[in-house]
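Structural features, examined
Listed below, chain by chain, are the residues.
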Amino acid sequence: MASLSDLPIRDDLRGLTPYGAPQKHVRYALNVNENTHPIPEAVARDIVTSLAHAVLTANRYPDREFTALRESLADYLGHGLTREHVWAANGSNEIIQQLLQAFGGPGRRVLGFPPTYSMHPIITAGVGSTWVTAERDADFEIDPETAVRAIERHTPDLVFLCAPNNPTGTGLSLETIAAAYDATDGIVFVDEAYAEFMPKDRPTALTLLPGRERLVVSRTMSKAFAFAGVRVGYLAADPVIADALRLVRLPYHLSALTQAAAVAALAHTPEMLAMVDDIIGQRDRIIAELPELGYRPWASEANFVLFDGVDDPQATFNALLERDILIRDVGIPNALRVTAGTAAETEFFLRSLAELGPGGAR
Ligand SMILES: *Cc1c(COP(=O)(O)O)cnc(C)c1O
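Our subject in this report is the structure included herewith.

Cut-offs applied
Residues numbered from 1 in each chain as written. Predicted model: local features only at pLDDT ≥ 70, side-chain atom pairs only at ≥ 80, totals over all residues. Heavy atoms only, no water. Helix = DSSP H or I, 4+ residues; strand = E, 2+ residues; numbered from the N terminus. Rg over C-alpha atoms; globule rule 2.2 N^0.38 Å. Buried < 20%, exposed > 50% of the residue type's maximum accessible area, 1.4 Å probe, protein only. Contact = heavy atoms within 4.5 Å. Areas by Shrake-Rupley, 256 points an atom, 1.4 Å probe, with all protein chains shown as cover. Lys, Arg positive; Asp, Glu negative; His and termini not counted. Charge placed at Lys NZ, Arg CZ, Asp CG, Glu CD. Expected span 1.5 Å × (residues − 1). Arc of directions from axis to C-beta. Salt bridge = Lys/Arg side-chain N within 4 Å of Asp/Glu carboxyl O. Pairing = 2+ DSSP bridges. 1 Å grid on protein atoms, 1.4 Å probe; cavity = no way out; pocket = protein on both sides within 12 Å on 5 of 7 lines; lining within 4 Å. Points joined across faces, edges and corners; volume = space filled by probe spheres on them. Nonpolar A, V, L, I, M, F, W, Y, C, P; charged D, E, K, R; others polar.

1. Quick notes on the overall build of the protein chain
Summing up its helical and strand segments, the protein chain has 12 helices and 12 strands in all. Over its C-alpha trace the protein chain gives a radius of gyration of 21 Å, about what one expects of a compact globule, namely 21 Å for 362 residues. Overall size of the protein chain, expressed as C-alpha extent along the three principal axes, is 55 × 55 × 55 Å. For the protein chain, buried positions account for 52% of its 362 residues. Counted over contacts in the protein chain with a minimum sequence separation of 6, partners at least 24 positions apart contribute 73%. Carbon and sulfur atoms make up 53% of the accessible area of the protein chain, which amounts to about 16,200 Å² in all. Within the protein chain, the 46 negative side-chain charges are centred at a point lying 4 Å from the centre of the 31 positive side-chain charges.

2. Structural notes on helix α1 (residues 41-56)
The end-to-end C-alpha distance of α1, which contains 16 residues, comes to 23 Å, matching closely the 22 Å that a straight helix rising 1.5 Å per residue would cover. Looking only at α1, the buried set comprises Val43, Ile47 and Ala54. Looking down the long axis of α1, one finds its buried residues gathered within 35° of arc, a one-sided arrangement. Pointing more than 90 degrees away from the buried face of α1 are the exposed residues Glu41, Ala42, Arg45, Val48, His53 and Leu56. In the core, the buried residues of α1 are packed alongside α8 (256-266) and α9 (269-272).

3. Quick word on the pattern of salt bridges
On inspection of all chains with the given rule, the structure shows 19 salt bridges. Measuring nitrogen to oxygen at the nearest pair gives 3.4 Å for the salt bridge that ties arginine 14 to aspartate 11. Using a relative accessible area of 64% as the deciding quantity, one classes aspartate 11 as exposed. With a shortest N-O distance of 2.8 Å, arginine 219 and glutamate 192 are connected by a salt bridge. Placement of arginine 219 in strand β7 (residues 215-220) and of glutamate 192 in the loop between β6 (187-191) and β7 is noted, with a sequence separation of 27 residues between them. Looking at glutamate 192, the relative accessible area reads 2%, which means it is buried.

4. Concerning the sheet that holds strand β12 (residues 335-339)
Strand order in the open sheet made by the three strands is β9-β10-β12, with antiparallel pairing throughout. At either end of the open sheet lies a strand with only one pairing partner, and these are β9 (296-297) and β12. Where strand β10 (residues 304-308) meets β12, five bridges bridge the pair, whose relative direction is antiparallel. Within β12, the residue paired with leucine 306 across the bridge is arginine 337.

5. What to know about the layout of surface pockets
What the largest pocket holds in volume is close to 920 Å³. Broken down by secondary-structure element, the contributors of at least two residues to the lining of the largest pocket are α3 (92-103) and α4 (119-126). In the lining of the largest pocket, the residues fall into 19 nonpolar, 12 polar and seven charged. Looking at the second largest pocket, its volume works out to about 320 Å³. Residue lining of the second largest pocket: 14 residues in total, with Leu16, Thr17, Pro18, Tyr19 and Ile122 positioned closest to the centre. Classifying every residue of the lining of the second largest pocket by side-chain character gives 10 nonpolar, four polar and no charged.

6. A closer look at the environment of phenylalanine 227
Following the sequence through the fold, phenylalanine 227 ends up in the loop between β7 and β8 (233-237). Put simply, phenylalanine 227 and glutamate 152 are 75 residues apart on the chain and 39 Å apart in space, counted from C-alpha to C-alpha. Once you skip the residues sitting within four places of it in the chain, phenylalanine 227 turns out to touch Ile39, Ile47, Met221, Ser222, Val232, Ala261, Ala262, Ala265 and Met272.

This is the structure:
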């Protein structure tokens, strides 16, 4: 078998590593922040009925403008948004890729604030842009002045903010987003993959959209909506952003089946989101109980918790894996990240961690 270095691959891709969260079959999969509750059966039946209809006309290309889906997504988002403000793709990862194809590309710079979503630098590299970074403040916060200073120093073409931030769970204030917008002529991208898990009094960046045509807010159906396997992400922005993305997207990028499934699921929004409050409860329970086990959890506005005080993250990761629990080592020293699952999953995780003793496995 040949190796990558035998191929005439792009020079800037040499030596890079792909996204690689372990995909293992375990009883307790708490590593990639999925919604661990399955789709309710009544909703699943409705989705299948829609898929059956869509299959009957699958000899034709799908609606290239996925009009019905954008309409449903705009209704779901509210905030006075209409379908013209919405664009969708196969996961918010593809949204990010299209955004970078249109506004990034070779020679352009993307500013991020690590530790943040691992796909942001990977998709940036994929389009030949340069990922530049700036430090966060204490407890992974980003103050408005910190964001502005970083933008003035790096003069990026795009600023990537993640709110709440993955893998830390940290919330982000609208003041920081607005200050970042005013400090750049570039695109300000706010990844709100976990918006549904935010505290009710935390406003979304959607409220900042009017009058800010360079602001883009992305969401996904992968997390709160329990739809990770279907691949539906979307953005809200000034309608002119969609015009830019039409230049780079592949025609018919959203299959008729994806569109049908997503529209059917959105018609059942209350049932699909019924578990969100439950998950928030489990997240808060993890945050409340970890200190009793000798760990320091960070505040989280998402469906996962990052916690400090792990003597040897890899050893604890492996010891939990032996108990059929998969969590995430995100490369932060002495820290691990766990997804809030069902009550039973959370209970088993906390009990297993307790059995490892203070500091975890060594
Ligand atoms: C999980 C996650 C996504 C979701 O990506 P999809 O492609 O929509 O599944 C996007 N952004 C962040 C920060 C995430 O953690």
